Amino acid sequence: MFRSFVRALASTLVIALLGAFVVALPSSAVEPAASTSVSGTVRGPGGSAYNTAANSWAYLYEGEMSVGFSTIDSEGDYTFTDVEPGTYTLGVFSQSIYQNQFYEGALVRENATPIVVNEGDTITIDIELSTGGSIQGVVTGPNGAALDPAAHVTVTAYSASGVWTRFATVDPITGQYTLDGLATDDYRLEFRDTGIYVSEYHSNAKYFGSATPVAVSAGTVASGINESLAIGGAIAGTVAGPGGGALDPAAQVLVAILDQDGDYVSDGYVDSNGNYRVSGLPTGEYVVEVRDWSGTYLKRYSGNAATFEAASRVVVGAGQTADNVDVQLMVGGAISGVVTGPNGAPLDGWDSGSVSVLTTEGNYVANGYVDPQGAYRVGSLPAGTYKVVVYAY
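Residues numbered from 1 in each chain as written. Predicted model: local features only at pLDDT ≥ 70, side-chain atom pairs only at ≥ 80, totals over all residues. Heavy atoms only, no water.

Trainee: What should I look at first to understand the side chain of threonine 165 in this one?
Mentor: Residue placement: threonine 165 occurs in strand E12 (residues 164-169). Residue classification places threonine 165 among the buried residues on the basis of a relative accessible area of 14%. Ignoring anything within four residues of it in the chain, the contact list for threonine 165 reads Asn100, Ala157, Tyr158, Ser159, Leu182 and Tyr187. (Helix = DSSP H or I, 4+ residues; strand = E, 2+ residues; numbered from the N terminus. Buried < 20%, exposed > 50% of the residue type's maximum accessible area, 1.4 Å probe, protein only. Contact = heavy atoms within 4.5 Å.)

Next up, the structure:
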């Protein structure tokens, strides 16, 4: 009886003490900290309702780095929460209709009005977007023929300074495309296909620098910007390991197609069976370069050559495939080690670094990165004697 009374009394005391403790807590211990946020509403020209077809996103920048993004809902609203104190710029990027724009009305980040955020601030910034200009046209095959239904042609617009601006997929049936939301500028268009047609710039230019510019003014349409694509050829073959054996599953083998000057034209990855195919190539002679980015195999060229100069040339014609361009790889050597501070001490405040491997004459051969623990490894090296140079960033 006495024990039961003691237990009941003890329980009552505990509850009472807990209750007193809870009541005694200062209010600051139970109130959540104020959230720092930047939010607002995006509207169209003249304050019109935001057009959801624009598919826009809001981005917050600190200096040159994007530190967050927010979807823009059907009402045009966006929100950034838990924003750290600092100075930011705000930009809205649209896939169509509207021009990309920064606060307040700037077309580039450098001209945007800064936003200063302090702890606990709730900042509201509304943005009114401007309608951009458009480029429209039709893409065909040779001599105006309809596109092959299997083609997947895209159009990319670059500003006069070479900045990627807009992207559109060509309708495979009609060949029509539209690029909109463009600011006033001169644009160069790149037409690319996944394999049937040769990629090119407008109009029928091989390089960006020789492309015909298309002048666009905001709110207007540049129509009739048509393009006729040539049918490309292909190079296909098999990459094997030493003696024709299977490649190491850990290898990361890439096939690059080079022109007669050694300049890059196209590339493709090798599948699990060692097969590759690179298509959409203009008529001409090429060299196949095979690299292993895992550092296991040595670089080789068509004809199993060790150098570009000794490589076999591969002739490609329109609509034709140069088959059986096979390459056999050899295992290379590697150099590895650990970078330390004075007297072997761990690196202090080491952010990143790299290691370059040079010939004894000082000519570049390969490079690799140093990890946070100071370790590095550079593979795919031919037999020889080398120098190692370490660079800290």
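There's plenty left to go through after this.
Trainee: Sorry, what's going on with the sheet that holds strand E32 (residues 386-392) here?
Mentor: Pairing between sheet strands relies on hydrogen bonds along the backbone, with the strands arranged either parallel or antiparallel. Ordered in space as E30-E29-E32, the three strands form an open sheet in which the pairing is antiparallel. In the strand order of this sheet, the two ends are held by strand E30 (364-370) and E32, each with one partner. Across the sheet, the axes of successive neighbouring strands diverge by a mean angle of 20 degrees, strand direction being ignored. (Pairing = 2+ DSSP bridges. Axes fitted to C-alpha atoms, helices over the stretch in contact; angles between N-to-C directions.)

Trainee: Would you explain the nonpolar core in this entry?
Mentor: Nonpolar side chains in soluble globular proteins tend to end up buried together. If you look at the biggest cluster of nonpolar residues, it comprises 22 residues, and the most contacted ones within it are Ile135, Val139, Tyr177, Leu179, Tyr187 and Leu189. Non-local contacts of leucine 189, meaning those with residues more than four positions away in its chain, are made with Ile135, Val155, Thr156, Ala157, Tyr177, Leu179, Glu200, Tyr201, His202, Val214 and Ile225. (Core = buried A, V, L, I, M, F, W, Y, C linked by side-chain atoms within 4.5 Å.)

Trainee: I keep staring at the pattern of salt bridges and nothing clicks. Help me out?
Mentor: By the definition in use, this model includes three salt bridges. Between arginine 109 and glutamate 110 there is a salt bridge; the shortest N-O distance is 3.6 Å. The exposure class assigned to arginine 109 is partly exposed, which follows from its relative accessible area of 21%. Residue glutamate 289 pairs with arginine 291 through a salt bridge whose shortest N-O separation is 3.1 Å. On the accessibility criterion, arginine 291 (31% relative accessible area) is partly exposed. (Salt bridge = Lys/Arg side-chain N within 4 Å of Asp/Glu carboxyl O.)

Trainee: Explain the layout of surface pockets to me, please; I cannot follow it from the model alone.
Mentor: Think of a ball as big as a water molecule: rolled over the atoms, this probe shows where empty space is left. One number sums up the size of the largest pocket: a volume of about 840 Å³. Surrounding the largest pocket, 33 residues form its lining, Val198, Ser199, Lys206, Val265 and Pro282 being those nearest its centre. Where the lining of the largest pocket is concerned, the elements lending two or more residues are strand E14 (185-192), strand E15 (200-201), strand E21 (264-269), strand E22 (275-281) and strand E23 (284-292). Among the elements that make up the lining of the largest pocket, the one with the highest residue count is E22 (five residues). Of the residues belonging to the lining of the largest pocket, the class tally is 15 nonpolar, eight polar and ten charged. (1 Å grid on protein atoms, 1.4 Å probe; cavity = no way out; pocket = protein on both sides within 12 Å on 5 of 7 lines; lining within 4 Å. Points joined across faces, edges and corners; volume = space filled by probe spheres on them. Nonpolar A, V, L, I, M, F, W, Y, C, P; charged D, E, K, R; others polar.)

Trainee: What exactly am I supposed to notice about the packing of aromatic side chains here?
Mentor: Each aromatic ring pair is described using two quantities: the centre-to-centre distance and the angle formed by the ring planes. With the rule as written, the count across this model stands at eleven aromatic pairs. Ring geometry for tyrosine 59 against phenylalanine 93: centres 5.6 Å apart, planes inclined by 80 degrees, an arrangement best described as edge-to-face. Remark: phenylalanine 93 occurs in strand E5 (residues 86-94) and tyrosine 59 occurs in strand E2 (residues 56-62); sequence separation between them is 34 residues. Residue class for phenylalanine 93 comes out partly exposed when judged on its relative accessible area of 23%. Feature note: the residues Trp57, Tyr59, Tyr61, Phe69, Phe93 and Phe102 constitute an aromatic cluster, connected by ring pairs. The ring centre of phenylalanine 208 lies 5.4 Å from the NZ or CZ of arginine 188, which sits over that ring. Of note, arginine 313 hangs over the ring of phenylalanine 308, and the distance from its end group to the ring centre comes to 4.9 Å. (Phe/Tyr/Trp six-rings, centres within 6.5 Å; stacked < 30°, edge-to-face > 60°. Lys NZ or Arg CZ within 6 Å of the ring centre and 35° of its normal.)

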